[in-house]
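Given next are the chains, with one letter for each unit.
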Amino acid sequence: MAHDQIEIMRKQIDEINLEILELINKRAALVQELGKEKEKQGSNRFDPERERQMLNLLVENNKGPFNDNAVRHLFKQIFQVSLELQDDDKKKVLLVSRKKKAEDTVITVKGVEFGGSSPILIAGPCSVESYEQVRAVAQNHVQRGLRTLRGGAYKPRTSPYDFQGLGEEGLQILKRIGDEFNLVTISEIVTPGDLEMASKYIDVIQIGARNMQNFELLKAAGRVNKPILLKRGLAATIEEFIYAAEYILSEGNTQVMLCERGIRTYEKATRNTLDISAVPLLKQETHLPVFVDVTHSTGRRDLLLPCAKAGIAVGSDGIMVEVHPDPDVALSDAKQQLNIPQFNEFVDELIASGLYKGEAIVSRG
Ligand SMILES: O=C(O)C(=O)C[C@]1(C(=O)O)C=C[C@@H](O)C=C1
């Protein structure tokens, strides 16, 4: 008997739910219309005064059993979702989003495909120190069939007394070597005013972790005709990382690739914590190529290979790793760069794992 009673009341509740649903959708349709009118008139979507009036009227007429606070809370929720309804689609679907573009973005530079069918290695010294130093790495690249050379010319260092990079001279060295060996060159730029100058020398501009939310730099990078490799900030959430990339695309530059480089956590065993889940997440959420920097995330030579394998296994488009002809005397990151024989072993092991196929077959453009 009691059970029947519950069933009867539940039926009534179902009916009331449907009535409420119809009513809130009727309200939502009206709010949408009102939103369009407001847009025409250029007035603000959010109107706290109007919301206050509505809440007052509701509370004045509240006969319970809901108390006034519950009524305020419920209706504030309705106002909130109504506001979201008034947001235009442009704001909801980002340009970087897979919802906007389902197919992968592939960036081709000098015949190298970033985000193409097979993962690639982006390797080179932490800092450009001399022509001879970069040349030694480049020569090895060519012997190993590698096509992409990184090297820092502007070094945002923790201490102002540490080596700050060779600046434009470093970019000139990269240009000379890139031309000599037909390599794609990548280097970090830290100042909006240097972007045009740098575009004359290098093939891909990197925006480093410390500048991931330097919005003026991001906007300026969105106006240059060069691919951009954007690194995740030291303590940036995935959402912040995605919005940083959106800044670049929103200014017109669609050639953007992302790089997970480890984030700050309480863990001290590694330099940063490689957020491996960021890779499949970014691949799902965005259509951009995604790389993993194993050097800066781990800060440990013994972890480079397993983390590179993991990065590729979870779907990254390639690995960034540092290699120096003589790391012991390097002007930056001496502890974590590989020397050339170690680097070759790293490449061999990666190939042996079957995860990385090498790049010798990539066409030269
Ligand atoms: O009355 C308005 O101006 C509306 O946009 C509608 C509405 C609402 O949901 O009732 C939506 C958002 C505003 O903050 C206030 C009220």
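Keep in mind it's a predicted model, so treat the numbers as computed, not measured.

Trainee: What exactly am I supposed to notice about the site of the ligand here?
Mentor: Looking at the ligand, there are 13 residues lining it, with Arg27, Lys38, Asp47, Glu51 and Gln86 nearest. Interatomic distance of 2.6 Å between a side-chain N/O atom of lysine 38 and an oxygen atom of the ligand. Within the backbone of aspartate 47, a nitrogen or oxygen atom sits 2.9 Å from an oxygen atom of the ligand. Across the complex, the protein chains shield 94% of the 360 Å² of accessible surface that the ligand would expose by itself. For the shell around the ligand, the secondary-structure elements that each account for two or more residues are helix H1 (2–41), helix H2 (48–60) and helix H3 (68–86). Looking at which element gives the most residues to the shell around the ligand, the answer is H1, with four residues.

Trainee: I tried to follow the pairing of strand E9 (residues 290–293) on my own but got confused; where do I start?
Mentor: On any regular strand, side chains alternate: one points to one face of the sheet, the next to the other face. Taking every second residue as pointing to the same face, both faces of E9 are buried, with Val290 and Val292 on one and Phe291 and Asp293 on the other. Here strand E8 (residues 256–260) pairs with E9 via three bridges, running parallel. What sits directly across from leucine 258, in E9, is valine 290. Taking the sense of rotation as the criterion, the β-α-β connection linking E8, helix H10 (residues 278–285) and E9 turns out right-handed.

Trainee: Would you mind showing me how to read the layout of surface pockets here?
Mentor: Rolled over the atoms, a probe as big as a water molecule pinpoints where empty space is left. Considering only enclosed or pocket space, the largest pocket measures out at about 360 Å³ in volume. The wall of the largest pocket is formed by 21 residues, among which Lys155, Pro156, Arg210, Arg271 and His296 lie closest to the centre. Taken together, the residues that form the lining of the largest pocket break down as four nonpolar, eight polar and nine charged.

Trainee: Looking at this structure, I do not really get a nonpolar patch on the surface. What am I missing?
Mentor: A cluster of nonpolar side chains, Ile16, Leu18, Ile20, Leu21 and Ile24, forms an exposed patch at the surface whose accessible area comes to about 450 Å². Among the secondary structure elements, isoleucine 16 is positioned in helix H1.

Trainee: Explanation requested: the domain arrangement of the chain in the structure shown.
Mentor: Where interface size is quoted, it is often the accessible area lost as the parts come together. Domains assigned within the chain are domain 1 (2–88) and domain 2 (107–352). Put simply, the middle of domain 1 and the middle of domain 2, counted by C-alpha atoms, are 50 Å apart.

Trainee: How should H2 be read in this particular structure?
Mentor: Note: α-helices contain 3.6 residues per turn, so residues at a spacing of three or four share the same orientation. In this model H2 runs 18 Å from its N-terminal to its C-terminal C-alpha over 13 residues, within 8% of the 18 Å that 1.5 Å per residue would give. All of the buried residues along H2 are Glu51, Met54, Leu55 and Val59. Buried residues of H2 fall within an arc of 130° about the axis and therefore sit on the same side. Opposite the buried face of H2, by more than 90 degrees, sit the exposed residues Glu49, Leu57 and Glu60. Those residues of H2 hidden inside the fold are in contact with H1 and H3.

Trainee: Quick question: what am I supposed to make of the UniProt feature "coiled-coil region" (unreviewed entry) in the chain here?
Mentor: Within the UniProt annotation, "coiled-coil region" (unreviewed entry) is assigned to residues 6–33. Helix makes up 100% of residues 6–33 and strand 0%, whereas the separation of the span's terminal C-alpha atoms amounts to 40 Å.

Conventions used here
- Residues numbered from 1 in each chain as written.
- Predicted model: local features only at pLDDT ≥ 70, side-chain atom pairs only at ≥ 80, totals over all residues.
- Heavy atoms only, no water.
- Near = heavy atom within 4 Å.
- Polar contact = N/O pair within 3.5 Å; in protein donor to acceptor, adjacent residues only side chain to side chain.
- Areas by Shrake-Rupley, 256 points an atom, 1.4 Å probe, with all protein chains shown as cover.
- Helix = DSSP H or I, 4+ residues; strand = E, 2+ residues; numbered from the N terminus.
- Buried < 20%, exposed > 50% of the residue type's maximum accessible area, 1.4 Å probe, protein only.
- Pairing = 2+ DSSP bridges.
- Right-handed = clockwise from strand over helix to strand, strands pointing away.
- 1 Å grid on protein atoms, 1.4 Å probe; cavity = no way out; pocket = protein on both sides within 12 Å on 5 of 7 lines; lining within 4 Å.
- Points joined across faces, edges and corners; volume = space filled by probe spheres on them.
- Nonpolar A, V, L, I, M, F, W, Y, C, P; charged D, E, K, R; others polar.
- Patch = residues over 30% accessible without salt bridge, like charges linked within 9 Å, V, L, I, M, F, W, Y side chains within 5 Å.
- Salt bridge = Lys/Arg side-chain N within 4 Å of Asp/Glu carboxyl O.
- Domains from an automatic or database assignment.
- Expected span 1.5 Å × (residues − 1).
- Arc of directions from axis to C-beta.
- Contact = heavy atoms within 4.5 Å.
- UniProt positions renumbered as here; feature names shortened; annotations may be inferred.

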